[in-house]
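# Topology and contacts: notes
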Amino acid sequence: MTNILEIVRLTKLFPVRNGFGGKIGEVRAVDDVSFAIEKGKVYGLAGESGSGKSTIARMIMGLAGPTSGDILLDGHNITGETGSRAYGRKVQMVFQNPGSSLNPRRTVGQSIEVPLAAHGAPRTEHKQRVSELLEMVQLPADFASRFPHELSGGQKQRVAIARALAVAPQLLILDEPTSALDVSVQARVMDLLVDLGRQLGLTYLFISHDLSLMRNFADTVGVLYLGKIVETGPTASVFESPQHDYTRLLLASVPVISAEEEAMRPRIPLIDGEIPTAEQLIALRGGAAPVSQRTEK
Amino acid sequence: MSEALLSVRNLGVQFTTYGQTNQVLKGVSLDVPARSQIALVGESGSGKTVTMRAIMGLLRTPPARITGGEIFYDGRDLLTMPAKDRLKLRGTAMSMVFQDPMSSLNPVFTIADQMGTILKYADRRLGRSRGKKERMARVHEVLGQVRMRDPERVARSYPIMLSGGMRQRVLIAMALLSEPQLLIADEPGTALDVTTQAQILKLLKDLVEERGLALLMITHNLGVVRETSNYVYVMNKGVVVEHRPTAELFEAPRDDYTKALIAAVPRLTGGTSFGRAGAAA
């Protein structure tokens, strides 16, 4: 039971400015968030737009600096050095929209070579490694010479996964990796992620608003609302007996396709769950939601 | 068949781009009886959106060409009637609820301006007329019907001042302005958060039931099909592969494609196993 990633009291404040650039307040985009991911497991962060899930991913990737709190990777505090090469070898990310995360002017092979070159793999080995990676994501080797526009959405996302795996990372951050895909394509990409996870012993941080998908992929889930984790625990128990009102609202809102699923949806009125604006948030400050924490059975 | 409010018979559509011709619809038939809630479900490229655009007369020709079939509304073939008559039906007898609330609203006009304009032209097509005051009264009335707490304030607002859910409700209000009998909804709420989407779907369902409208819901989401329809058409590669009462479809799908589609949907109850090894996560 070793934790590969540990997030300790992570907080990110964004200034809110008026029309003249003067600071009129702050938004707690991420508010005192702590969680840990065990090696080889899938941790799911569920939340809607504005909940702070992408800000957390960006801070772990070193694309944004936290206001306070620590990020521990393999027990080492890496808060200040998340952007470094050594860190990048351990943590990689797969973005939501493969249409915009792949450079349209690079071939698939060139795209996958970028991280190889950046991390100093000898040039002579690039070709070999590219075909290995394409095989890993179940694409034919001749895809290396194709351009992204020649690929379907599912194929593009496989290329993005291959690129993320190029430096053999330990932790993969998946930011809504299938939300742009058709449901049958989504199923195949999820198959691939599960297979790769087992083969390579990968650890995943899975960010999604799709609770049905979360239920079937994540071992542990954290529900984010207004920058706070309002409920966390083993996925099955959070879904079967949600404790927090927001979790219940989320579950009640999922469109489902069977009577069994309908039966497990909390029967509550669908209230206005929309995330307040920055100004409203400042007015709301102080009214923090209680956190529901559960431990493994 | 003639008793259906909308009846599409054997519709064929082809697209010609760069000299290549693709038969996109290969004989699609579907019926929307009055006061019914029908879903048309398919993945990208299935032809569901082309079917919808053909019904509304929004296909650009060329590149599109209708190669055959009929579309009856209230017993009259939309494809052979004079363009002027067809225009009278569009937006008045049958209305569309569009998908993307941000790109369907003009950012530089207020909601009242945009809804007023729609109403003015709808009135003109039907040979009616009403003053600006009456038009605004109608705009406020319809905004109230889509459960806006303060219709007058919403009417004065620009799109950017409203949340995504409110914008989507404005689009529904726009479709209701001239009291259509048929609403065609193209994936409403997919651009929104799940909690907001759930509210929008519920609102749409309530409105359709209250006002006795027929609803044709175009979607890729089987969950949405189950929540909003009682009869469903499944499309794949330009043909309807299966059509049944919605409850039956989920209990015992017949077509292989439908079966595969249903199997691909992850379940809230768990038990959907990903990966070749097959063991549940």
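About the cut-offs
Residues numbered from 1 in each chain as written. Chains lettered and ligands numbered in written order. Predicted model: local features only at pLDDT ≥ 70, side-chain atom pairs only at ≥ 80, totals over all residues. Contact = placed C-beta atoms within 7 Å. Helix = DSSP H or I, 4+ residues; strand = E, 2+ residues; numbered from the N terminus. Nonpolar A, V, L, I, M, F, W, Y, C, P; charged D, E, K, R; others polar. Axes fitted to C-alpha atoms, helices over the stretch in contact; angles between N-to-C directions. Parallel < 35°, antiparallel > 145°, perpendicular 65-115°, else oblique. Left-handed = near helix turned anticlockwise from the far one by under 90°. Pairing = 2+ DSSP bridges. Buried ≥ 20, exposed ≤ 12 C-beta atoms within 10 Å, placed from the backbone.

### Digging into the interface of chain B and chain A
The interface is formed by 36 residues belonging to chain B together with 36 residues belonging to chain A. Breaking the side of chain B that touches chain A down by element, the ones donating at least two residues are α7 (194–211), α8 (222–228) and α10 (256–264) of chain B. Among the elements that take part in the side of chain B that touches chain A, α7 of chain B stands out by supplying seven residues, more than any other. Here the residues of the side of chain B that touches chain A sort into 15 nonpolar, 14 polar and seven charged.

### Quick word on the packing of helix α3 (residues 111–125) of chain B against helix α4 (residues 132–145) of chain B
Geometrically, a packed helix pair is captured by the angle between its two axes and the distance between the axes. Residue and element names in this part refer to chain B. Closest axis-to-axis distance for the α3/α4 pair is 10 Å, and the angle between their directions is 110°. Comparing the axis directions of α3 and α4 gives the class roughly perpendicular. In this structure, α3 meets α4 at a crossing whose hand is right-handed. Within the contact between the two elements, α3 uses A112, M115, G116, L119 and K120 and α4 uses R135, M136, R138 and V139.

### Quick word on the pairing of strand β1 (residues 4–17) of chain B
Residue and element names in this part refer to chain B. Judged from the 11 bridges that link them, β1 and strand β2 (residues 20–33) form a sheet pairing that is antiparallel. Of the residues in β2, the one forming a bridge with L11 is V28. In sequence, β1 turns back onto β2 through a hairpin of two residues, with Y18 there showing a positive phi of about 50°. The pairing of β1 with strand β4 (residues 64–73) spans eight bridges and is classified as antiparallel.

### Side note on helix α1 (residues 53–61) of chain A
Residue and element names in this part refer to chain A. Among the nine residues of α1, eight are classified as buried, and the element is accordingly described as predominantly covered. All buried positions along α1 are accounted for by K53, S54, T55, I56, A57, R58, M59 and I60. Positive backbone phi, at 80°, marks G62, one or two positions downstream of α1.

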